Amino acid sequence: MHRPKIVTLAVRLTITMVAVSVVPLALIAIIILMGVRISEADRRSVELNNQLELYIAFAEQLIASDGDLQSATNILLSRPIGNGDGAIRVFGSAGQIFGANGSNSAFPSRAAASQFVTSIPTVFVGEARGRRYVAGQVRWQQKVVGVVEVSQSVTDEDRLLRVLGRFVFISIALAFAAAFLGSSLVARWLARLIGQLRTTAEQVANGDLTERALERGPSEIIQLARSINTMTDQLAERLSRIEHQSEAQRRFYRDVSHELRTPMMALGGYLENIEDAENADEQAQSIQAMQAEIARLARLADELLRTDAQPSLTLGPKQSLDLGEMIYELVQNLSGRAQRSGVELLAQVPPRPIIIDADRDRLKQALLNLFDNALRATPPGGQIIMRVSLTADQVVIDVQDTGEGIPAAMREAIWERGVRGAEGGSGLGLAIVRAILRAHGGDAVLIPSEQGAHIQLSLPI
């Protein structure tokens, strides 16, 4: 199974922290640069419009007497207004040029063309690159007699913006480098702490409960390390409890073995007494004592099963066997008991052999337990039917009786240890049945039935 490397986490953390720190900075720098550009353009526009208004006012003063703008052009151009870095051109109302001051295009600008009384073709409109233009009409007695155009170079403005752009780019690059370096160091530090926690968790998972996580780093990492240490302590405590319980279980088995050995030895003694008895009264007395010991032995065995101390079920060597033959053998052995109980015992098995690989003793134990439950639950005059059917990959055994059935409240609990039916008993019969079937790769389930209980067993072929 592929596991993510620590460096992958470090790289991801680095990228995230760089993006969070540098991207907003870059956006702010771009916004500031755009703001400077807009502000500079607005400043230049206001300055040009102020110069234009002054030139128009000066021109209207010069032509106040006769309205001849062309003769006043030289005077107008000889007196620059403003900071002196602008260019002025004077046009007639129809677009003819009267004079110009400073380098400029041979054609009127779009700003000047829009002020002419008569429109001119756009092919005769032109503007020099790197300049900004404004224009206004000169009036004499409410009549347009000409147009003044003022332009100014924006080279300095563009140069300033380029310098600012380079400064912003260099600043962002330096910020990116600093953020990358700092984020990389922090990310690798965090990844190293997380890697140490992962190593501790793996060692604990492998059974080393003495390993403890180092509680250092950010508060979240410290809390995680404390949680791992708490989990390890609790796991060690629970394992210790399990070990104590296992030891208590072993002591219990030893005590039970002693308790069971005592009545068995007594039974052996009573059998010897029967052999040595000289009359029927002595034999009857020994038989009565044996019956009492057998009853005590049964009670001891029942108590043992009720403690739920049964060890894990294990299978013996598997062997090929004919399931149909085993079922017929069981039915034959139990037929006498069924007749005495007034119960009809039937088996429906396919005629051909049903060969499976199984632990014969365990499988026989499961079937006997199932038959025993059915016989105890079926009243006189009832019937127990065992049907065997085959599918493509398994054999199915249905055991159905005509008893009172299993109450709805107990249908899930019957597979648990310690649950007993109305007839009493140890309560482990069906739990053992299911355990044996599952150990063979099959299962045991309860099928809903209108009358009696219907248990279905399945085994792989």
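Since we're looking at a predicted model, the values are computed, not measured.

## Regarding the overall build of the protein chain
And step 1. Helices and strands together make up the secondary structure of the protein chain, namely nine helices and eleven strands.
And step 2. Put simply, the protein chain has 461 residues, and 32% of those count as buried.
And step 3. Partitioning the contacts of the protein chain with sequence separation of at least 6, the portion at a separation of at least 24 is 62%.

## Looking at the sheet that holds strand β10 (residues 443–446)
And step 1. In space, the five strands of this open sheet follow the order β6-β8-β9-β11-β10, with mixed pairing throughout. A single partner strand is all that each edge strand has here, and the edge strands are β6 (344–348) and β10. Strand-to-strand twist in this sheet, taken as the mean axis angle between neighbours without regard to direction, amounts to 15°.
And step 2. Pairing of β10 with strand β11 (residues 454–460) involves four bridges; the strand directions are antiparallel. From the neighbouring strand, Val-445 faces β11, where its bridge partner is Gln-456.
And step 3. Most of the contacts of helix α7 (residues 323–341) go to β6, to which it runs at about 170°, and overall it touches β6, β8 (383–390) and β9 (394–401).

## Brief notes about the nonpolar core
And step 1. Membership of the largest hydrophobic core comes to 40 residues, with the highest contact counts inside it found for Leu-323, Ile-327, Ile-356, Phe-371, Ile-384, Ile-397 and Leu-457.
And step 2. If sequence neighbours within four positions are ignored, Leu-457 has contacts with Leu-367, Leu-370, Val-395, Val-396, Ile-397, Val-433, Leu-437, Asp-443 and Ala-444.

## Some points on the pairing of strand β7 (residues 355–358)
Each regular strand displays side chains that alternate between the two surfaces of the sheet.
And step 1. Only one face of β7 is covered, namely the one carrying Ile-356 and Ala-358; the face carrying Ile-355 and Asp-357 has none of its residues buried.
And step 2. Alignment of strand β5 (residues 319–322) against β7, held across four bridges, turns out to be antiparallel. Bridge pairing links Gln-319 to Ala-358 in β7.

## A look at the packing of α7 against helix α8 (residues 360–377)
And step 1. It is at 11 Å that the axes of α7 and α8 come closest, and there the two elements cross at 40°. The element α7 and its partner α8 pack so that their crossing is right-handed. Contacts between α7 and α8 pair Leu-323, Met-326, Ile-327, Glu-329, Leu-330, Val-331, Leu-334, Arg-337 and Ala-338 from the former with Arg-360, Leu-363, Lys-364, Leu-367, Leu-368, Phe-371, Asp-372, Leu-375 and Arg-376 from the latter.
And step 2. Classifying every residue of the contact of α7 with α8 gives twelve nonpolar, no polar and six charged.

## As for the sheet that holds strand β4 (residues 143–153)
And step 1. The strand order across the open sheet built from four strands is β2-β1-β4-β3, with neighbouring strands paired in antiparallel fashion. In this open sheet, the two strands that pair with only one neighbour each are β2 (97–101) and β3 (131–140). Going from strand to strand, the sheet's axes swing by 15° on average, the running direction of each strand aside.
And step 2. Of the strand pairs in this sheet, strand β1 (residues 86–92) and β4 are connected by seven bridges, and their pairing is antiparallel.

## As for the pattern of salt bridges
And step 1. The tally for this structure, following the rule as stated, stands at twelve salt bridges.
And step 2. Ionic pairing is found between Glu-149 and Arg-89, a salt bridge with its closest N-O pair at 2.7 Å. Of this pair, Glu-149 sits in strand β4 while Arg-89 sits in strand β1; the two residues are 60 residues apart in sequence, bridging distant segments of the chain.
And step 3. Classification of Glu-149 as buried rests on a relative accessible area of 0%.
And step 4. Using a relative accessible area of 1% as the deciding quantity, one classes Arg-89 as buried.
And step 5. With its nearest N and O atoms 3.0 Å apart, the salt bridge here joins Asp-443 to Arg-438.
And step 6. For Asp-443, a relative accessible area of 23% corresponds to the partly exposed category.
And step 7. Connected via shared salt-bridge partners are Glu-40, Arg-43 and Glu-47.

## A few points about unusual backbone geometry
And step 1. You will see that Gln-141, though not glycine, has its phi angle at about 55°, which is positive.
And step 2. For Gln-141, the position within the fold is in the loop between β3 and β4.
And step 3. One non-glycine residue, Gln-142, lies in positive phi territory at about 65°.
And step 4. For Gln-142, the location among the structural elements is in the loop between β3 and β4.

## Here's the deal with the environment of Asn-229
And step 1. Of note, Asn-229 is situated in helix α5 (residues 219–276).
And step 2. Owing to a relative accessible area of 9%, Asn-229 belongs among the buried residues under this scheme.
And step 3. The spacing of Asn-229 and Arg-212 is 17 residues in sequence and 5.8 Å in space, taken between C-alpha atoms.
And step 4. When near neighbours in sequence (up to four residues on either side) are disregarded, Asn-229 contacts Arg-212, Ala-213 and Glu-215.

## Thoughts on empty space enclosed by the protein
And step 1. Counted under the stated rule, the structure contains one cavity of 30 Å³ or more.
And step 2. For the largest cavity, the calculated volume is near 40 Å³.
And step 3. Forming the boundary of the largest cavity are Leu-193, Gln-196, Leu-197, Leu-214, Arg-216 and Ile-221.
And step 4. Take the lining of the largest cavity: its biggest share by element is three residues, from helix α4 (residues 155–205).

## Quick look at a nonpolar patch on the surface
And step 1. A cluster of nonpolar side chains, contributed by Val-23, Leu-27 and Ile-31, occupies part of the molecular surface with about 290 Å² of accessible area.
And step 2. You can see Ile-31 is positioned in helix α1 (residues 6–62).

## Description of the side chain of Asp-398
And step 1. Position of Asp-398 among the secondary structure elements: in strand β9.
And step 2. Only 2.9 Å separates the side chain of Asp-398 from the side chain of Gln-456, close enough to count as a polar contact.
And step 3. Residue contacts for Asp-398: discarding those within four places in its chain leaves Ile-385, Met-386, Arg-387, His-454, Ile-455 and Gln-456.

## Re the environment of Ala-135
And step 1. Here Ala-135 is to be found in strand β3.
And step 2. Separated by 82 residues in sequence, Ala-135 and Glu-53 place their C-alpha atoms 9.3 Å apart.
And step 3. Excluding anything up to four places from it in sequence, Ala-135 contacts Leu-52, Ala-111, Ala-112, Gln-115, Val-147, Val-148 and Glu-149.

Analysis parameters
- Residues numbered from 1 in each chain as written.
- Predicted model: local features only at pLDDT ≥ 70, side-chain atom pairs only at ≥ 80, totals over all residues.
- Heavy atoms only, no water.
- Helix = DSSP H or I, 4+ residues; strand = E, 2+ residues; numbered from the N terminus.
- Buried < 20%, exposed > 50% of the residue type's maximum accessible area, 1.4 Å probe, protein only.
- Contact = heavy atoms within 4.5 Å.
- Pairing = 2+ DSSP bridges.
- Axes fitted to C-alpha atoms, helices over the stretch in contact; angles between N-to-C directions.
- Core = buried A, V, L, I, M, F, W, Y, C linked by side-chain atoms within 4.5 Å.
- Left-handed = near helix turned anticlockwise from the far one by under 90°.
- Nonpolar A, V, L, I, M, F, W, Y, C, P; charged D, E, K, R; others polar.
- Salt bridge = Lys/Arg side-chain N within 4 Å of Asp/Glu carboxyl O.
- 1 Å grid on protein atoms, 1.4 Å probe; cavity = no way out; pocket = protein on both sides within 12 Å on 5 of 7 lines; lining within 4 Å.
- Points joined across faces, edges and corners; volume = space filled by probe spheres on them.
- Patch = residues over 30% accessible without salt bridge, like charges linked within 9 Å, V, L, I, M, F, W, Y side chains within 5 Å.
- Areas by Shrake-Rupley, 256 points an atom, 1.4 Å probe, with all protein chains shown as cover.
- Polar contact = N/O pair within 3.5 Å; in protein donor to acceptor, adjacent residues only side chain to side chain.

None of this, on its own, says anything about what the molecule does.
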